[in-house]
Structures are given as C-alpha cells and as structure tokens.
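# Structural overview
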Amino acid sequence: MRYRAPRGTTDILPEEQVYWRYVQECASSLAETFGYGRIDTPIFEDTGLFVRTVGEATDIVDKEMYTFEDRGSDQVTLRPEGTAPVCRAYLEHGMHNLPQPVRLYYQISLFRYDRPQAGRYRQFHQFGVEAIGDSDPAVDAEVIELAWRFYERLGLQGLTLALNSIGDKTCRPLYLERLVEYYTPHVEHLCQDCQARIHRNPLRLLDCKQLSCQPYIAEAPVSTESLCDDCREHWGRLTTHLGDLGIAYSVDHRLVRGLDYYSRTVFEILPPEEGSQSTLCGGGRYDGLMEQLGGKPTPGIGFALGIERTILNLKRQGVTVPDQSTTAVAIAHMGEAGGREAVKLAAQLRSAKTSTILLPGQKSLKGQMRHAGSLGARYVVIIGDKEAANGVATVRDLAAAEQREVPLGEVIAAVSQDHSHD
Ligand code: HAM
C-alpha cells in the first residue's frame with residue numbers, strides 16, 4: 001500500500017516555497033507597519049468555543065469541523081477559523097487591561113471537512129488580523145485598508161471590495177423578522193437548505209447559491225434600509241473614511257458571511273474571476289462575540305484571507321515573485337583528498353553565511369557541473385587531489401563565465417564579492 005497525502009491536503013514542496021515566503025513576509029511586514037503584533041494559538045481548542053461563536057446553524061459547525069474526543073474524554077476540534085481562538089486568548093490573558101484596541105495578527109493552518117476543489121482544501125492557511133476593544137469606524141477602515149494594501153503590495157490586480165452592514169442587536173431582530181415575513185409565502189419554492197434555515201438562520205438565505213433561489217434573493221428586503229440610528233451613523237462614517245483613503249468598494253446587499261458572530265460591518269475581497277470558491281478575504285465586526293465567551297461587552301473587527309487562494313491568483317496573473325532561495329556556491333570534488341578539503345570548505349562557507357552545496361563527487365566533473373547548473377549556483381569551486389595537495393581551488397564564476405585559481409584560504413573572499421553591479 002502506498003500512502004498519499006489525505007484528500008484536501010497538499011505538500012508544499014521547495015519550489016512552491018518562494019510563493020509562500022513572498023506572501024507570508026509581505027503579510028507580516030504589512031501587519032507590523034500597521035502596529036499589529038503576532039499571536040499564535042493552539043491548533044485545537046474545546047469544541048464549545050467554535051459552536052458558541054461561529055454558530056450552530058452554520059456550515060462550519062454543522063458539517064465541517066474535525067471534532068473528536070481525546071484520550072481524556074474531552075471534546076476537542078481542530079480550529080476551523082481563527083477569530084474565536086484569538087478572542088479566547090484576549091480574555092484568558094486579560095488583554096482588556098492593555099491600551100485598546102489590541103491589534104493582533106496570525107498566520108495559521110486551519111481545518112474544514114469540505115468538498116475539496118481548486119482553492120478549497122481540508123487543511124488550508126490564513127493570514128488574519130483582529131483589532132479588539134474599539135468600536136470606532138476608523139478601526140473598521142484601518143482593517144479593510146490593511147487587507148486592501150496587502151493585495152496592492154503583492155501586485156494582484158482587478159480585485160473588488162464588497163461591503164455591507166448587517167446591523168446590530170438593536171436593529172437586526174427587526175430586519176430578520178422582515179426577512180422571514182418576506183420569504184414565508186415563497187417557502188415551498190426554496191431549496192431544501194433554505195427551507196431548513198428560514199427559522200434557524202434566516203440571514204443565510206441571502207447567501208444561497210442555488211439558481212432557483214436567486215429571484216427571491218433579488219427581491220428580498222436589504223439590511224442597510226433597516227439600520228438603527230447608531231448603525232446608520234457607523235456605516236456613514238466608515239464609507240466616508242474609505243472614500244478619504246481612496247479605497248473603492250461596492251455595496252453588496254447579499255453579503256452576510258458564513259459565520260454567525262458578525263454585527264454591523266461585513267466585507268469580502270474578490271478576484272476578477274467569478275466563482276463561489278474564489279473569495280480571497282472575508283471579515284467584519286463581531287461586537288457581541290466576547291460576551292458569548294463570558295467576557296464583558298468588547299467590540300472587535302478583523303479579517304482572514306486564504307494564502308492558497310492568494311497564491312493561485314498570483315500565478316493566474318503571472319506575478320513574478322522574488323526568488324531568494326538560490327544556492328550561491330556548489331563545490332565539485334574529485335579524489336579522496338579533494339573530497340576532504342571540499343567537506344571542510346563547505347563548512348567554512350556556511351559559517352560565513354554563504355549557501356553552499358556539496359556536489360556528488362562520485363560523478364564526473366562534467367556531471368557535477370551540470371548538477372550545479374540545475375541548482376542555479378552562482379559559483380562552482382573545484383577541488384581535486386592535485387588542488388588539495390597544492391592548497392588551492394579553482395573558482396568558476398558561472399554568471400561571468402570566468403575562472404581562476406585561488407588559495408583555499410581565499411575562496412570565501414572570492415565568492416563574497418559585491419555583485420550589486422551585475
Ligand atoms: P472565512 O470567510 O470563513 O472567514 O475565511 C476567510 C478566507 O479563508 C476565505 O475568504 C478563503 O480565502 C479562506 N478559506 C476559507 N475556507 C477555505 C478552504 N476550505 N480552503 C482554502 N481557503 C479557505 C473566517 O475564517 C473569519 N475568521 C474571518 C474573520 C476574522 N472575521 C473577523 N475576523
């Protein structure tokens with residue numbers, strides 16, 4: 001029997017890592033520019049943390065969690081999302097005592113038992129941020145700006161920012177009543193999921209992808225027309241800030257998000273190519289979440305974006321990413337004495353922080369040179385028994401197509417020249 005990576009998971013091979021490094025370094029440096037500090041939470045948590053916050057009638061909790069009983073009979077779940085764990089950590093570590101908002105970011109792997117396809121996996125990765133403890137719409141604008149600037153920096157083009165407000169605990173109940181009232185006469189024409197959700201989670205009806213439900217969605221009452229005064233003011237100030245920042249958005253009345261903890265602002269960033277699995281980034285405000293976790297009322301807002309989907313789009317758009325992984329020096333060697341000097345020289349080069357590979361000495365010089373070429377090495381250092389006896393090595397500069405013999409003690413200097421003029 002041959003094992004394969006479990007369905008919906010992937011191995012990230014060395015040649016893929018250039019994309020990962022590029023995206024992850026861009027994410028951390030941008031988050032830190034905005035004053036966010038990194039947080040890492042455990043890969044698994046008590047199941048209840050997600051059931052309470054993400055919500056019982058959501059796809060994540062209903063169908064997608066990796067939940068199991070551990071050997072101590074505790075119910076645990078591999079994290080399907082990052083917001084609830086960060087809020088748990090905020091409460092656990094008394095972060096309400098810090099100046100607010102507390103700005104946190106994460107780069108984590110997540111687990112959802114979903115039907116795998118391009119851009120949708122069972123283990124995937126997110127870059128996310130959470131700003132906790134401040135209800136000012138300027139913080140909403142900051143979080144949205146951070147996500148937007150991230151894609152700008154990466155060089156992705158043609159993205160759209162979709163924005164909506166789904167109200168708060170004052171105005172949302174009334175809106176939900178209007179929604180149920182509107183849908184009730186049409187109930188037998190709705191898909192099975194919608195029929196099941198109409199009373200459990202009516203907001204999600206607006207998010208249905210079934211063709212037969214689309215005409216009803218198009219005519220449904222919109223949440224921004226049911227906002228209370230506070231929510232309307234928040235919405236107005238947020239959109240003004242986005243205008244001042246020069247960030248274009250389109251209001252999407254159907255945007256409700258797939259998790260239950262949101263209030264007021266919700267947003268998504270979409271790539272130019274359509275598709276239900278294409279959303280790059282999703283986020284919003286979650287002013288009631290801390291109370292669900294037993295904390296004092298504490299506002300919060302954040303987003304998370306999929307790293308795999310980001311990389312998929314970088315490739316689709318042909319964005320070139322800097323390759324910092326090239327080998328600087330490859331050492332070709334022949335004979336026993338040559339081999340011994342080569343091993344010592346490789347150690348010296350690496351302690352001088354020069355990336356160095358020892359070529360397979362059992363091959364011919366020609367074979368070793370070909371190997372060096374496939375590694376993209378800048379220099380090949382050649383040491384045979386004769387060179388070893390004379391205490392020298394041949395240093396070949398592949399880029400300049402030159403070679404010279406130098407004493408072994410000068411190899412490091414010879415391969416450390418400044419190439420900035422190249
Ligand atoms: P989410 O919309 O569930 O939100 O996920 C955010 C992003 O993660 C998606 O837009 C997508 O790029 C990526 N993603 C989700 N599921 C998969 C999957 N199965 N395979 C690959 N990528 C996926 C959240 O997780 C919220 N915690 C976001 C948030 C943070 N809201 C406030 N703060």
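Quick caveat, the model's predicted, so the values are computed rather than measured. Along each chain, numbering runs from 1 in the same order as the chain's sequence is written. The model is predicted, so local features are restricted to residues of pLDDT at least 70 and side-chain atom pairs to those at 80 or more, both for listing and for counting; the totals for chains, interfaces and linings are taken over all residues. Side-chain metrics rest on all non-hydrogen atoms present in the structure, leaving aside hydrogens and water.

Here we take up the site of the ligand. A molecule or strand has a residue near it when one of that residue's heavy atoms lies within 4 Å. What surrounds the ligand is a group of 26 residues, the closest being Glu81, Arg112, Tyr121, Glu130 and Tyr262. Gln126 is positioned with one of its side-chain polar atoms (N or O) 3.1 Å from an oxygen atom of the ligand. Between N or O atoms, a polar contact is any pair within 3.5 Å; within protein, one atom must be a potential hydrogen donor and the other a potential acceptor, and residues adjacent in sequence are included only when both atoms are from side chains. Taking Gly306, its main chain carries an N or O atom lying 3.1 Å from an oxygen atom of the ligand. Here, Shrake-Rupley sampling with a 1.4 Å probe gives the accessible areas, and only protein chains in the shown set may cover a residue. Relative to its free-state accessible area of 660 Å², the ligand is covered by the protein chains to the extent of 95%. For the shell around the ligand, the secondary structure elements donating two or more residues are strand 6 (123-132), strand 10 (281-285) and strand 11 (300-306). Residue type decides the class: Asp, Glu, Lys and Arg count as charged, Ala, Val, Leu, Ile, Met, Phe, Trp, Tyr, Cys and Pro as nonpolar, and the leftover types, Gly among them, as polar. Of the residues assigned to the shell around the ligand, the class counts are 11 nonpolar, nine polar and six charged. By definition, any uninterrupted DSSP run of H or I lasting at least four residues is a helix, any uninterrupted run of E lasting at least two residues is a strand, and each is numbered from the N terminus.

Two rings from Phe, Tyr or Trp (for Trp, the six-membered ring) form a pair when their centres sit within 6.5 Å of each other. Planes less than 30 degrees apart are called stacked, planes more than 60 degrees apart edge-to-face, and all others tilted. Tallied over the entire structure, the rule returns eight aromatic pairs. Both rings, one in Phe127 and one in Phe150, keep their centres 5.5 Å apart while their planes meet at 50°; by these two values the pair is tilted. Taken together, the residues Phe127 in strand 6 and Phe150 in helix 5 (residues 137-154) connect sequence positions 23 residues apart. Neither residue differs from the other here; Phe127 and Phe150 are each classed as buried. Aromatic pair Tyr182 and Tyr183: ring centres 5.0 Å apart, planes at 75°, arrangement edge-to-face. Tyr183 carries the same exposure label as Tyr182, and that label is buried. Here the aromatic residues Tyr105, Phe127, Phe150, Tyr151 and Phe303 are joined through ring pairs into a cluster of three or more. A cation sits over an aromatic face here: Lys315 above Tyr19, 5.0 Å from the ring centre. Any Lys NZ or Arg CZ that is within 6 Å of a ring centre and within 35 degrees of that ring's normal is treated as a charge sitting over the ring. Its end group placed over the ring of Tyr379, Arg378 keeps NZ or CZ at 5.4 Å from the ring centre. The classification of residues rests on relative accessible area computed with a 1.4 Å probe and restricted to protein chains. Under 20% of the type maximum is buried, over 50% is exposed, and intermediate values are partly exposed.

Salt bridge, as applied in this entry: a Lys or Arg side-chain nitrogen positioned within 4 Å of an Asp or Glu carboxyl oxygen. For the structure shown, the criterion picks out 22 salt bridges. For Glu16, the salt bridge goes to Lys315, with nearest N and O atoms at 2.8 Å. With Glu16 in helix 1 (residues 14-33) and Lys315 in helix 11 (residues 307-316), this pair connects stretches of sequence that are 299 residues apart. Looking at Lys315, the relative accessible area reads 36%, which means it is partly exposed. Two residues, Arg232 and Asp229, come together in a salt bridge whose shortest N-O distance is 3.5 Å. Of the two residues, Arg232 and Asp229 are both situated in helix 9 (residues 229-245); the distance of three residues between them amounts to about one turn of the helix. Exposure remark for Arg232: the relative accessible area of 45% places this residue in the partly exposed category.

What follows concerns the sheet that holds strand 2 (residues 44-46). Strand order in the open sheet formed by three strands is 2-4-3, with antiparallel pairing between adjacent strands. Of all strands in the sheet, those with a lone pairing partner are strand 2 and strand 3 (66-69), marking the two edges. Averaged over all adjacent pairs, the angle separating strand axes in this sheet is 35°, with direction ignored. Two strands qualify as a pair provided that DSSP identifies no fewer than 2 bridges between them. For strand 3 and strand 4 (residues 75-78), the ladder comprises four bridges, and the chain directions are antiparallel. By the bridge assignment for strand 4, Glu69 is matched with Gln75. Only the stretch in contact is used when a helix axis is fitted, and all axes are lines through C-alpha atoms; the angle between N-to-C directions ranges over 0 to 180 degrees.

The linkage connecting Gln100 with the following residue, Pro101, adopts the cis geometry, with an omega of 0°. For Pro101, the location among the structural elements is in the loop between helix 4 (83-92) and strand 5 (102-111). Residues other than glycine seldom take positive phi values, yet Arg264 does so here, at roughly 55°. Under the relative-accessibility criterion, Arg264 is labelled buried at 12%. In the Ramachandran plot, Lys353 falls in the positive-phi region, its phi being about 60° despite a non-glycine side chain. The residue Lys353 is located in the loop between helix 12 (336-351) and strand 13 (356-358) in this model.

To characterise two packed helices, one gives the angle between the axes of the helices and the distance between these axes. Running from N to C, helix 1 and helix 5 cross one another at 135°; their axes reach a closest spacing of 10 Å. Taken together, the axes of helix 1 and helix 5 are oblique relative to one another. Considering how the two elements wind past one another, helix 1 and helix 5 form a crossing that is right-handed. Packed against helix 1, whose contacting residues are Tyr22, Val23, Cys26, Ala27, Ser29, Leu30, Ala31 and Thr33, the element helix 5 presents Leu146, Arg149, Phe150, Arg153 and Leu154 at the interface. Tallied by class, residues from the contact of helix 1 with helix 5 come to nine nonpolar, two polar and two charged. Relative orientations are named as follows: roughly parallel for angles under 35 degrees, roughly antiparallel for angles over 145 degrees, roughly perpendicular for angles from 65 to 115 degrees, and oblique for any other angle. Each crossing gets its hand from how the near helix is turned against the far one by less than a right angle, where anticlockwise is left-handed and clockwise is right-handed. It only takes one pair of heavy atoms within 4.5 Å for two residues to be counted as in contact.

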